[in-house]
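Remarks on the overall topology
Below, each chain spelled out in residue letters.
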Number of protein chains: 2
Amino acid sequence: MIRAAMELFAERGFDRTTIREIGERAGVDPALIARYFGGKTQLYLATVREEQGTATPADLLEEERLRTLVERLSRRGPGPSFQAAVMPGDSTEVQQAARAYLHERLVEPLRERFVTEQVDRPQLRAELAAAAFAGIVLARSSGAFGELAKTGPEELVPLLHDLLAASRPTH
Amino acid sequence: MIRAAMELFAERGFDRTTIREIGERAGVDPALIARYFGGKTQLYLATVREEQGTATPADLLEEERLRTLVERLSRRGPGPSFQAAVMPGDSTEVQQAARAYLHERLVEPLRERFVTEQVDRPQLRAELAAAAFAGIVLARSSGAFGELAKTGPEELVPLLHDLLAASRPTH
């Protein structure tokens, strides 16, 4: 099921993939998937966890991590954890899972860097960078920004890196 | 009607204000408002236009503009033009209006600055900064980021300014 979900999310992105299609590809009853994972969002988060393993990731200011992430998001679309960053919260279990994931994978590694660097307001700076990143990732697939959407990871990553790096104090 | 809408949007934010309530406060039939403006989004855009006048605004790297904007958004909530930046597009007339507004008020002034500064990829850099700004503005009201939500404009604006300024080349 995880493999079928991974393939479909990668092919079509989160929004255009249904539980029914995942069930069909996996040869499993869609109702079973829904019951087992709790919904499409949680299944998506399971595929992301599976792909990334459980190790704490490098932070967004590591250019390699940034590049890998931007490339994957360009193929697969942003998915629910990024939407949870900017959508008003109804605080369902699913949205809480997406938010926890966002903090664990994006905010916390940056906060740790800023603490180590003895920068003031490490939590605020980490959240600021993560929110900026979520906005850019979502804007790339929203259709609102033509130039941002058509620029590939190769050109985008250095610009994005410079922008996010400015979440650190410059003076 | 515009004045009633302004007051209500400022008191409750975009999402929690209804056309019916605006009609009640203005003493006008809500159906009339819907017919005249085309919907809540377009009414919202009309109030923003009314408040800002028609002059081309300064760009986001002007600290005064940034401060005014962040303060207003803290009172009033982000509204549909920011949501249009990150939400997948169904290309309705309303969403097109919100996007056009976003480009006219945020992207275009920055692009002009970058062209004047003879920076490469002015359109891409302007879109990148506008998307980052939209992400941060939306994240402040989404409930996903505690520290970002509770930090007031006074502390936030300098950090935000440094981040957005990094959409310019640093070398």
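Residues numbered from 1 in each chain as written. Chains lettered and ligands numbered in written order. Predicted model: local features only at pLDDT ≥ 70, side-chain atom pairs only at ≥ 80, totals over all residues. Heavy atoms only, no water.

Some points on the relation of the copies chain B and chain A
Quick reminder of the rule: The superposition of copies rests on a least-squares fit of C-alpha positions from residues with pLDDT of 70 or more in both.
Superposing chain B onto chain A takes a rotation of 180 degrees combined with a translation of 0.0 Å along the rotation axis, leaving an RMSD of 0.0 Å. In short, the pair behaves as if placed about a two-fold rotation axis.

A short note on the UniProt feature "DNA-binding region" (unreviewed entry) in chain A
Selection criterion: UniProt positions are given in the numbering used here, feature names are shortened, and annotations may be inferred rather than shown by experiment. Numbering of helices and strands runs from the N terminus, with a helix taken as a DSSP run of H or I at least four residues long and a strand as a DSSP run of E at least two residues long.
UniProt records the feature "DNA-binding region" (unreviewed entry) at residues 18-37 of chain A, using the numbering of this structure. Annotated as 80% helix and 0% strand, the span residues 18-37 of chain A places its first and last C-alpha atoms 14 Å apart.

Examining helix H1 (residues 2-12) of chain B
Residue and element names in this part refer to chain B. Cut-off, in case you're wondering: Any residue under 20% of the maximum accessible area for its type is buried, any over 50% is exposed, and the rest in between are partly exposed; the area is computed with a 1.4 Å probe on protein chains only. Working rule for contacts: check all heavy atoms of both residues, and any pair within 4.5 Å makes them a contact.
All of the buried residues in H1 are Ala4, Ala5, Met6, Leu8 and Phe9. On its buried face, H1 is in contact with helix H2 (19-26), helix H4 (40-52) and helix H5 (63-76). Two residues or fewer past H1, Gly13 is found with a positive phi of approximately 85 degrees.

Focus: H5 of chain B
Residues and elements named next belong to chain B. Inclusion rule: What a helix is expected to span follows from its residue count: subtract one and scale by 1.5 Å. In this context, the arc is that of the directions from the helix axis out to the C-beta atoms.
Look at H5: 20 Å from first C-alpha to last across 14 residues, which is about the 20 Å you get at 1.5 Å a residue. Those residues of H5 that sit buried are Arg65, Leu66, Leu69, Val70, Arg72, Leu73 and Arg76. All buried residues of H5 lie within an arc of 165 degrees about the axis, which places them on one face of the element. Exposed residues pointing more than 90 degrees away from the buried face of H5 are listed as Glu64 and Arg75. For H5, the secondary structure elements touched by its buried residues are H1, H4, helix H6 (80-86), helix H7 (93-116), helix H8 (122-142) and helix H10 (153-165). A positive backbone phi angle near 85 degrees is found at Gly77, which sits one or two residues after H5.

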